[in-house]
Amino acid sequence: MDPAPYQRIVAEIRDRITSGRLRPGDRAPSTRQITREWGVAMATATKVIAELRGLGLVDTKPGAGTVVRSGERQREPELSRDRIVRAAIGIADADGLPAVSMRRIATELGVATMSLHGHVGDKDELVHLMADTVAGEAIRREPPIPWRACLETTVRLLWTVCRRHPWVAEALSMTRPRPTPNLMRYSEWVLAALRRAGLPAEELLLVHLTLFGHVRGLGLTWQSEAWARQDTGVANDEWLDDHEAEFRRIGATGRYPALDYTTAQPVSQDLDQTFEYGLRLLLDGVERRLGSP
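Residues numbered from 1 in each chain as written. Predicted model: local features only at pLDDT ≥ 70, side-chain atom pairs only at ≥ 80, totals over all residues. Heavy atoms only, no water.

Of regular secondary structure, the protein chain possesses 14 helices and two strands. Principal-axis analysis of the C-alpha atoms gives the protein chain an extent of 80 × 55 × 30 Å. For the protein chain, the proportion of its 293 residues judged to be buried stands at 39%. Taking the contacts inside the protein chain whose residues are at least 6 apart along the sequence as the reference set, 69% of them involve residues at least 24 apart. Put simply, the protein chain shows about 16,800 Å² of open surface, and 53% of that area lies on carbon and sulfur atoms. One finds the centroid of the 39 positive side-chain charges in the protein chain at a distance of 3 Å from the centroid of its 39 negative side-chain charges. (Helix = DSSP H or I, 4+ residues; strand = E, 2+ residues; numbered from the N terminus. Buried < 20%, exposed > 50% of the residue type's maximum accessible area, 1.4 Å probe, protein only. Contact = heavy atoms within 4.5 Å. Areas by Shrake-Rupley, 256 points an atom, 1.4 Å probe, with all protein chains shown as cover. Lys, Arg positive; Asp, Glu negative; His and termini not counted. Charge placed at Lys NZ, Arg CZ, Asp CG, Glu CD.)

Listed below in structure tokens is the structure:
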């Protein structure tokens with residue numbers, strides 16, 4: 001009888017490990033990579049990771065995903081909220097937020113799914129805990145006192161979080177924020193800086209949300225580009241080069257002169273550059289607003 005699909009995949013990955021093609025500490029194929037390479041469903045890919053873990057071939061490392069086990073395995077710490085959140089962050093970093101589930105986390109930690117609910121209520125609560133945890137890793141020191149320097153530092157910190165963990169932007173909400181201490185600290189720093197600047201009280205939240213929207217919008221774009229690059233192996237500039245002829249063909253109709261003119265200029269589409277330009281433009285606008293009667 002032919003082995004089940006997940007067993008065949010396990011055998012192939014195990015062969016890569018035993019042959020040395022995957023060495024101790026190397027990243028093992030993620031669930032996203034397994035679904036793409038072997039054409040199976042996410043549930044099958046998750047089962048593959050669970051089987052490899054059960055065989056003692058791989059471990060899950062926070063921030064690194066699933067890696068080939070190296071040396072003697074250390075005794076696992078007791079199950080806790082922090083351990084669950086860290087495991088979820090590792091899954092999201094490797095495979096994206098949709099891959100995070102109580103079942104997947106339980107598989108990674110080698111525990112029963114129901115045991116997680118004594119520490120975390122549901123996935124919605126878990127996602128907010130994840131976002132607050134990674135925000136806390138970046139938002140540590142107090143920002144500068146001058147209002148503009150404070151905003152530049154604070155907003156860049158949030159952008160750094162979105163770049164390190166592309167799923168974070170998807171977890172953040174402008175309209176339904178959750179009471180989480182580290183993200184509330186970010187908001188406190190921004191609002192306090194705007195108050196020091198002398199912005200009218202009725203505009204504080206509007207400017208705060210505008211700055212937040214700038215980061216979140218680009219963060220979602222960063223996430224989309226990160227997954228597109230992982231899935232296709234093609235960077236955005238290479239993608240544009242591949243489609244240049246089609247753009248030129250449509251532009252040659254003369255129906256889009258402004259677009260044709262703009263795209264002909266040597267302008268970079270680097271997201272970090274776009275972030276810095278947008279931040280500077282927004283803060284220049286705040287200064288202009290403060291100087292107006």
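Another aspect to go through is the packing of aromatic side chains. The description of an aromatic ring pair uses the distance of the two centres, along with the angle that the planes make with each other. One pass over the full model with this rule turns up two aromatic pairs. A centroid spacing of 5.8 Å and a plane angle of 80° characterise the contact between Trp 159 and Trp 222, whose relative ring orientation is edge-to-face. Here Trp 159 is found in helix α7 (residues 147-164), whereas its partner Trp 222 is found in helix α10 (residues 201-232), with 63 residues between them in sequence. Relative to Phe 275, the ring of Trp 159 has its centre 5.1 Å away and its plane inclined at 10°; by these criteria the two rings are stacked. (Phe/Tyr/Trp six-rings, centres within 6.5 Å; stacked < 30°, edge-to-face > 60°.)

Okay, the packing of helix α2 (residues 31-38) against α10 next. Relative to each other, α2 and α10 sit at 40°, their axes nearing to 10 Å. What the angle tells us is that α2 and α10 run oblique. As α2 runs across α10, the sense of the crossing is right-handed. Every residue of α10 that contacts α2 at Arg 32, Gln 33 and Arg 36 is listed here: Trp 227, Gln 230 and Asp 231. Counted by class, the contact of α2 with α10 contains one nonpolar, two polar and three charged residues. (Axes fitted to C-alpha atoms, helices over the stretch in contact; angles between N-to-C directions. Parallel < 35°, antiparallel > 145°, perpendicular 65-115°, else oblique. Left-handed = near helix turned anticlockwise from the far one by under 90°. Nonpolar A, V, L, I, M, F, W, Y, C, P; charged D, E, K, R; others polar.)

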